[in-house]
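Breakdown of the fold
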Amino acid sequence: MDDSVSADRALRLIRGGSTLRWEGDFQNARQLLAALGRRTRRVHHLNSLLIATTDYEIRLRRAPDVRRACRQAYGPPTGDRLIPLRELLGVIGAHQLRERGIYLQALDARIHPHYGVFAPTRSEYVDLVAAEPIPPTAKVAFDIGTGTGVLAAVLRRRGIAKVVATDNNPRAVACARENLAALVVSDPKVVRTHEAGNTPGAIEVVEGDLFPAGRADLIVCNPPWVSKRPRTLLDTAVFDEDSRMLHGFLYGVREHLNPGGEAWLIMGLRPRDELLTLFRKAGLRVVGRSSVVPTHRRARVDETTDLWRLCPSDAAPFVEEA
Ligand SMILES: C[S@@+](CC[C@H](N)C(=O)[O-])C[C@H]1O[C@@H](n2cnc3c(N)ncnc32)[C@H](O)[C@@H]1O
């Protein structure tokens, strides 16, 4: 398939079950994909325009060098590979974001998200964590589902002596370790801070499901907000199938809190009633809430991002019989 094909014909072929291997100019392929995007929203159709690569090299006119971006996303090259152009553009975009980083006021530093790791581009929730009063006796904090490590870094920067961060996605663990190592001077497992006038503390990043061993005075979690089945690697950072992480966090957190400790849940896009019912069932009571109105273009009119401060209630957790 080359530059002579029209978008209408390409779409007819795709709808007829064909995949199109592009042999024309790379930039024209981008234009064709944009034209297809104006005609269909079906992801399967848009993923049917393929680019041939050999060890991640594209041998087409005006093609960019995507070798580094592809190595970061897919690992070492394995010879010939056809990649949907739509996916390839995502890989290129992710690589650019990783190189450039995202500046966060709360850290006065840049965070560099890896491919497939939740990127703090909408950073209102980071500001919430940076502004919320830290319980005065808090010495140890957990950051559950750390992603890029951004919240662990904020907590450490706010003076918590020891932060243990977890994630069940190995890409996130590698990403958090790299970011935290760049923010301070470290070995990859235990990051020792070198803040002037501060006793050296530590941030540890652990791969695992939800909680690390032991207990903490403050446990922070920003689970994916949307309860939907992830279909791709990229979805896993934003979709929480059947609210598994949210439920696992709420039902498990009591057992990991030191006496007098607090759990902070960051949430958007969920009806408050639903959350309040869940808190009650999990044996948690609300001791505070801070909210911020998201500023991004696609925010709904009444959308807020909330930081819920929770403590164990007197009632034990219970699960209702179905
Ligand atoms: C919405 S992202 C938040 C990332 C980061 N805390 C932040 O605020 O930018 C949710 C993270 O939770 C992780 N995650 C999902 N399920 C998990 C589980 N069962 N245990 C640990 N981490 C999990 C995902 O891999 C993802 O990195």
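Residues numbered from 1 in each chain as written. Predicted model: local features only at pLDDT ≥ 70, side-chain atom pairs only at ≥ 80, totals over all residues. Heavy atoms only, no water.

1. Overview of the site of the ligand
Near the ligand lie 18 residues; those nearest to it are Y125, G145, D167, D209 and L210. A distance of 3.5 Å separates a nitrogen atom of the ligand from a polar atom in the backbone of T146. One nitrogen or oxygen atom from the side chain of N222 is found 2.9 Å from an oxygen atom belonging to the ligand. When the ligand sits alone it has 590 Å² of accessible area, and the protein chains cover 93% of it. The class makeup of the residues in the shell around the ligand is 9 nonpolar, 7 polar and 2 charged. (Near = heavy atom within 4 Å. Polar contact = N/O pair within 3.5 Å; in protein donor to acceptor, adjacent residues only side chain to side chain. Areas by Shrake-Rupley, 256 points an atom, 1.4 Å probe, with all protein chains shown as cover. Nonpolar A, V, L, I, M, F, W, Y, C, P; charged D, E, K, R; others polar.)

2. As for the packing of helix α4 (residues 67-74) against helix α5 (residues 85-100)
Interhelical geometry of α4 versus α5 gives an angle of 95° and a closest axis separation of 9 Å. Classed by the angle they form, the pair α4 and α5 counts as roughly perpendicular. In this structure, α4 uses R68, A69, C70, Q72, A73 and Y74 to contact α5, whose residues at the interface are E87, L88, V91, I92, H95, R98 and E99. Among the residues making up the contact of α4 with α5, the classes are represented as 7 nonpolar, 2 polar and 4 charged. (Axes fitted to C-alpha atoms, helices over the stretch in contact; angles between N-to-C directions. Helix = DSSP H or I, 4+ residues; strand = E, 2+ residues; numbered from the N terminus. Parallel < 35°, antiparallel > 145°, perpendicular 65-115°, else oblique. Contact = heavy atoms within 4.5 Å.)

3. Digging into the pairing of strand β11 (residues 216-221)
Of all the 6 residues making up β11, 6 are buried; the element is thus mostly covered by neighbouring parts of the structure. Where strand β6 (residues 140-144) lies against β11, 4 bridges are found, and the strand directions are parallel. From the neighbouring strand, F142 faces β11, where its bridge partner is I219. Two elements, β11 and strand β12 (residues 257-268), share 5 bridges in a ladder whose sense is parallel. Bridge pairing links A216 to L257 in β12. This β-α-β element, β11 to helix α9 (residues 244-252) to β12, shows right-handed connectivity. (Buried < 20%, exposed > 50% of the residue type's maximum accessible area, 1.4 Å probe, protein only. Pairing = 2+ DSSP bridges. Right-handed = clockwise from strand over helix to strand, strands pointing away.)

4. Some words on the domain arrangement of the protein chain
Segmentation of the protein chain into domains returns domain 1 (7-98) and domain 2 (102-312). The straight-line distance from the C-alpha centre of domain 1 to that of domain 2 is 34 Å. On the side of domain 2, 9 residues touch domain 1, which itself brings 7 residues to the contact. In this assembly, domain 1 packs against domain 2 so that about 670 Å² is buried in total across both faces, 56% of it on carbon and sulfur atoms. Together, A73, L97 and R98 form the three largest contributors to the area buried by domain 1 at its contact with domain 2, with a combined 75%. The interface formed by domain 1 and domain 2 holds 1 salt bridge in total. In this structure, the salt-bridge partner of E178 is R98, at a minimum N-O distance of 3.6 Å. In this structure, the connection of domain 1 to domain 2 is made through 3 residue pairs in polar contact (both at pLDDT 80 or more). (Domains from an automatic or database assignment. Buried area = accessible area lost by both parts, 1.4 Å probe. Salt bridge = Lys/Arg side-chain N within 4 Å of Asp/Glu carboxyl O.)

5. Here we look at the confidence of the model for the protein chain
Per-chain confidence: the protein chain averages 90 in pLDDT, with 91% of residues scoring 70 or above. Of all helices and strands in the protein chain, the one with the weakest mean pLDDT is strand β9 (residues 190-192) (42), whereas β11 scores best (98). Throughout residues 185-200 the model reports pLDDT below 50, and contacts reaching past four residues in sequence, or to other chains, amount to 29 contacts. (pLDDT = per-residue confidence, 0-100.)

6. Points about the pattern of salt bridges
Tallying each qualifying case throughout the model produces 16 salt bridges. Taking the shortest distance from any N to any O, the salt bridge between D65 and R67 comes out at 2.9 Å. Across the salt bridge formed by E241 and R229, the nearest N and O atoms sit 3.8 Å from each other. Taken as a pair, E241 in the loop between β11 and α9 and R229 in the loop between β11 and α9 lie far apart in primary sequence, 12 residues in all. One network of salt bridges, in which partners are shared, links D3, D25, R61 and R62.

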